[in-house]
Amino acid sequence: MQTYPIATIDLAALKHNLSELKQLAPNSNIMSVIKANGYGHGAVEMAHALEGSDAFAVARLAEGVQLREAGISKAIVLLEGVHSVEELQHAAQYQLSPVFHHFSQLELLQQTQISKPLQFCWLMIETGMHRLGISLDDCQHAFEVLSNSSLIEGDIGLMSHFANSDSVGDERNLQQLQQIHYAKNLYSTQISMANSAAILSMADSHFEWLRPGLVLYGISPFDDKTAADLGLKPVMKLSAQIVSIKEVKKGEQVGYGGEWQATNVSKIGTVDIGYGDGYSRQLSNVGHVSVNGQKVAVIGRVSMDMICIDLSTMEHVEVGQEVVLWGDDELPVEAVAAQANTIPYELVCQLNERVARQYING
Ligand SMILES: *Cc1c(COP(=O)(O)O)cnc(C)c1O
């Protein structure tokens, strides 16, 4: 039984995108980022399909535990690290690899007893984003605490994160790179710096470990380039169905607040997706959907369970017919994000469990 709304996830496209990255950076390892439910695509399914990765990364402990309980055995890095003794113990029990970005997390190491040592741990250093990370001045001390801890086995990698990697040629990226090179000279250990945009635009940011998220899902991180321009294949297609078609007269209003008013006799379709599924309410009156490969407008406000679309220009259209919200040639998710005045990251992450996921292979 086909239930709508549905996100159709193409695992062959996902694997294609991973292999593109490997070709682009053959000397680097890949830590595939599958936080936030694999950017809305399903974390466990992404982990299985991305078995060609060298490691995985998630933001939080619970996301790592979910993957372990699903039988994923590769290294899983917790990008935000752990925040309590209990979390540290859980991380050890599930063999998850925390990032340490704050001295409070180093203190936890001294207060905690764990069953198995941690492996593949990372020190997050501050290079310019000023969100997470230990400053270069304090880095030496932090690195020693980690290296000397009996709770950690193996080398400590150094990680940092670009604040402006989607802005190609930005001076601030070069400044961050300089900082990480400075750290690399001090510690001679593995470095991880590059997210999607940096992987594609700054070869000198690759180092030993890449951290791609967005590009794996076939989405462009750049405003002026499509996924196809970058050799990527979109992974997700989001669709719903028309559940009602009706005619409204000139002057009649559609939806909450009556923000759309017919200037002529119009054919209105109601589609079973809304903000309660994670479809952005920002698309009210400005978004488009694709029906039979033709773009039509979202009219009126997005409701919790439904949107209305203008089918006036369409002849062969029926109740039950599929509507694509994004992910076909007419309507890439990047274009929908621009209409919603947001980024594609948010659109895909926002989809919740009311949206069924269907996995296909090509
Ligand atoms: C989310 C995240 C990534 C992946 O970023 P993309 O832009 O999706 O490639 C990499 N590193 C860190 C620290 C992150 O939080």
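Refer to the structure presented above.
Residues numbered from 1 in each chain as written. Predicted model: local features only at pLDDT ≥ 70, side-chain atom pairs only at ≥ 80, totals over all residues. Heavy atoms only, no water.

Novice: Explanation requested: the nonpolar core in the structure shown.
Specialist: For soluble globular proteins, the rule of thumb is that nonpolar side chains tend to be buried together. Judged by nonpolar contacts, the single largest core of 116 residues is most densely connected at Leu123, Tyr279, Val289, Ile307, Ile309, Leu325 and Trp326. It is helix α7 (residues 136-148) that provides the largest number of residues to this core, a total of six residues. The two domains that each donate at least three residues to this core are domain 1 (11-221) and domain 2 (236-331). Among residues more than four places away in sequence, those in contact with Tyr279 are Ile273, Gly274, His288, Val289, Val298, Val302, Ile307, Leu325 and Trp326. One finds Val248, Val254, Trp260 and Cys308 within the second-largest nonpolar core, a separate group that totals seven residues. (Core = buried A, V, L, I, M, F, W, Y, C linked by side-chain atoms within 4.5 Å. Buried < 20%, exposed > 50% of the residue type's maximum accessible area, 1.4 Å probe, protein only. Helix = DSSP H or I, 4+ residues; strand = E, 2+ residues; numbered from the N terminus. Domains from an automatic or database assignment. Contact = heavy atoms within 4.5 Å.)

Novice: Explain the pairing of strand β16 (residues 288-291) here, please?
Specialist: A regular strand places its side chains so that they alternate between the two faces of the sheet. Sheet analysis places β16 next to strand β17 (residues 294-299), joined by four bridges and oriented antiparallel. If you follow His288 over to β17, its bridge partner there is Ala297. The antiparallel pairing of β16 with β17 creates a hairpin that spans two residues between the two strands, and Asn292 there sits at a positive phi of about 55°. (Pairing = 2+ DSSP bridges.)

Novice: Help me understand unusual backbone geometry in this model?
Specialist: Both trends apply: most residues other than glycine have a negative phi, and most peptide bonds are in trans. Put simply, Tyr4 and Pro5 share a cis peptide bond, and its omega is -5°. Tracing the chain through its elements places Pro5 in the segment before β1 (6-10). In this model, Phe207 sits at a positive phi of 50°, which is unusual for a non-glycine residue. Counting through the fold element by element, Phe207 comes out in the loop between α9 (196-201) and β11 (209-210). Exposure remark for Phe207: the relative accessible area of 15% places this residue in the buried category.

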